[in-house]
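Geometric and topological summary
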Amino acid sequence: MPLADFAFQKCISPTCDFVCGCEEVRVSCPTCGDLLDIGYDWSRSQVPKSLKYFEEMWSRRYEPLRFSGIWRFHELIPFASPDLVVTVGEGQTLLQQTDSVGSYVGMKPGRLHLQYEGMNPSGSFKDNGMSAAFTHARAIGARRAACASTGNTSASLAMYCAATKLMKAIIFIGSGKISYGKLSQALDYGALTVQIAGDFDDAMARVQEVSRDLGICLVNSVNPFRLEGQKSVMFRVLEALRWEVPDWIVVPGGNLGNSSAFGKAFAELKSLGLVDRVPRLAVINAAGADTLYELFERRGLRWNGGHANMEIAHHYYNELDQLGRKANTIASAIEINRPVNLRKCLRALEFMDGVVRQVSDQEMLDAKAKIAAGGFGCEPASAASVAGARLLRDQGVISPDDRVVCILTGHQLKDPTATVAYHTTDQDKFNEVLGSRGVKRASFANRAVAVPNDLGEIVKAIQLYS
Ligand SMILES: *Cc1c(COP(=O)(O)O)cnc(C)c1O
Ligand SMILES: [Zn+2]
């Protein structure tokens, strides 16, 4: 049995009892339209008694399964048998403690950690989910896989297609919204890249229709198998903390797949008795794409045990349409106004006693410069986590003694345009890329020093500046 017979797909709505096997390809409940979860009859799988069990797997790194930072936790993501697993060695990511970024956030020494997901093979946390979605797609014999993307999902999909030759990648992107680092990956890996006239929310709507009509496997984070892989980010955080649960997980929010997956990871660990408490969750929106913040913090939308008043969201989306308001932020990876995993994220926020905040492009870019000055590069969206943690420290929600984990979702080189514009001395360049977004200054710019091509002048400049 390639797909585990104790794994199934089920509707997340407590008032709907739709359940189906994992061999079906679905991205929503056929009965009520809600999102689907992967569920397990854990009594029929092999769950370790303690998380320490996974330490034994370190000595089996010669097996691709246990080398992967996702699949070495296979017992907690057991929907497919090990021989079916698709891995390219993803998930070799580190949790690193940093006091220089910690002091910027306002933490006491030793309390701030960065989970560096940009170290994945395609340069973002998306590989965690793509490895799992691919494993599922392969198990059901899919030949084509599609996604809409602000860039990193497409880079990841294109990489898995190229590396495994199991499927053809079809990528939908909005026009002009994708950073060059990411676009270059999709093209270089050989994916069919369809640039549609519209933004990400438009691309997302179209790819769902096209996948349905052509029977193509959709691997956006509405695909519930993606989120199974993304649970492993939390397993690695716990592993690095020697199985101690931190106080806070702070994560940027775009389509809300990560935050949803983190909530599911902890819900399962708790119900399996593998952790005794759960961290609090902070989801950070960009101010220019702040749907979750608006709905959760301002309009009071709550999961409510599954009985969320979704009228609040529909009403808000109508308002956005009437005003013609589109998402707008330099953090392109989270430039999303209609997060597809909204309901799962509300559930995670309830379970993890979560909060939502928004940060400006200015705050993100300043935080990004501080992160890099601490030796950790990331792309603009990732820095929302650190900027958000700083805001929550300022507000006294996070205490300086808390143990805080910020997720750095994507690599520094994904979006060099924003980084170079931030550090530039060229005011026109700054205005073009950042000023148009309301960024006023580069508070921590490291400017290049211009010198004549003359040994004496060069020596003088070096002595002056170092
Ligand atoms: C996709 C992405 C996000 C947003 O994650 P969601 O799970 O969609 O909320 C944030 N940062 C980066 C770098 C991303 O690629
Ligand atoms: Zn349903």
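Residues numbered from 1 in each chain as written. Chains lettered and ligands numbered in written order. Predicted model: local features only at pLDDT ≥ 70, side-chain atom pairs only at ≥ 80, totals over all residues. Heavy atoms only, no water.

1. Describing the packing of aromatic side chains
By the definition in use, this model includes ten aromatic pairs. With a centroid separation of 6.3 Å and an interplanar angle of 45 degrees, the aromatic rings of Tyr316 and Tyr317 are classed as tilted. Overall, the relative accessible area of 13% leaves Tyr317 in the buried class. Here a set of aromatic residues connected by ring pairs shows up, and it is made of Tyr53, Phe54, Phe73 and Phe235. When the ring centre of Phe444 is taken as origin, the NZ or CZ atom of Lys370, which lies over that ring, is 4.4 Å away. (Phe/Tyr/Trp six-rings, centres within 6.5 Å; stacked < 30°, edge-to-face > 60°. Buried < 20%, exposed > 50% of the residue type's maximum accessible area, 1.4 Å probe, protein only. Lys NZ or Arg CZ within 6 Å of the ring centre and 35° of its normal.)

2. Some remarks on the pattern of salt bridges
Pairs can form between side chains of opposite charge once their charged atoms are near each other. Here the structure, examined in full by the defined rule, presents 32 salt bridges. Arg26 is the partner of Glu24 in a salt bridge, and the nearest nitrogen-oxygen pair spans 2.7 Å. Classification of Arg26 as partly exposed rests on a relative accessible area of 29%. Arg277 is paired through a salt bridge with Asp247; the nearest N and O atoms lie 3.4 Å apart. (Salt bridge = Lys/Arg side-chain N within 4 Å of Asp/Glu carboxyl O.)

3. Details of the environment of Thr425
Tracing the backbone shows Thr425 in the loop between helix 15 (416-423) and helix 16 (427-433). We classify Thr425 as exposed; its relative accessible area is 58%. Each residue touching Thr425, except ones within four places of it in the same chain, is listed here: Arg447 and Ala448. (Helix = DSSP H or I, 4+ residues; strand = E, 2+ residues; numbered from the N terminus. Contact = heavy atoms within 4.5 Å.)

4. Remarks on the nonpolar core
Counting residues in hydrophobic clusters, the biggest one holds 84 residues, and the most contacted among them are Phe79 and Leu342. Those residues in contact with Leu342 that sit more than four places away from it in its chain are Leu256, Leu292, Leu295, Leu301, Met310, Ala313 and Tyr317. Membership of the second largest hydrophobic core comes to 33 residues, among which are Trp248, Ala282, Val355 and Ala384. (Core = buried A, V, L, I, M, F, W, Y, C linked by side-chain atoms within 4.5 Å.)

5. Section: the coordination of the zinc ion (ligand 2)
By definition of the ideal shapes, four donors in a tetrahedron about a metal sit 109.5 degrees apart, and six donors in an octahedron sit 90 or 180 degrees apart. Protein coordination of the zinc ion (ligand 2) is provided by Cys11 (SG), Cys16 (SG), Cys29 (SG) and Cys32 (SG), with donor distances spanning 2.2 to 2.3 Å. Of note is the zinc ion (ligand 2), whose four donor atoms meet at the metal with angles of 99 to 119 degrees in an arrangement that counts as tetrahedral. All donors of the zinc ion (ligand 2) belong to a single chain; written as a sequence motif, their spacing is C-x4-C-x12-C-x2-C. Here Cys32 lies in the loop between strand 2 (19-21) and strand 3 (36-40) and Cys16 lies in the loop between strand 1 (7-11) and strand 2, a separation of 16 residues in the sequence. Using a relative accessible area of 13% as the deciding quantity, one classes Cys16 as buried. (Donors = N, O, S within 2.8 Å, 3.2 Å for Na, K, Ca; no water. Tetrahedral: all angles 85-135°; square planar, octahedral: opposite > 155°, others 65-115°.)

6. Digging into the UniProt feature "modified residue: N6-(pyridoxal phosphate)lysine" (unreviewed entry) in the protein chain
Within this numbering scheme, the UniProt entry marks Lys126 as carrying the feature "modified residue: N6-(pyridoxal phosphate)lysine" (unreviewed entry). Its location among the elements puts Lys126 in helix 3 (residues 126-139). Discounting residues that sit within four places of it in the chain, Lys126 has contacts with Asn152, Thr153, Ser156 and Arg226. (UniProt positions renumbered as here; feature names shortened; annotations may be inferred.)

7. A word on the site of ligand 1
Neighbouring residues of ligand 1: 17 residues in total, closest Lys126, Asn152, Gly254, Asn255 and Thr409. Relative to its unbound accessible area of 380 Å², ligand 1 is 97% covered by the protein chains. (Near = heavy atom within 4 Å. Areas by Shrake-Rupley, 256 points an atom, 1.4 Å probe, with all protein chains shown as cover.)

8. Some thoughts on the side chain of His74
Among the structural elements, His74 can be located in the loop between helix 1 (64-67) and strand 4 (95-97). Among the polar contacts listed, one links the side chain of His74 to the backbone oxygen of Ala80, at a separation of 2.7 Å. (Polar contact = N/O pair within 3.5 Å; in protein donor to acceptor, adjacent residues only side chain to side chain.)

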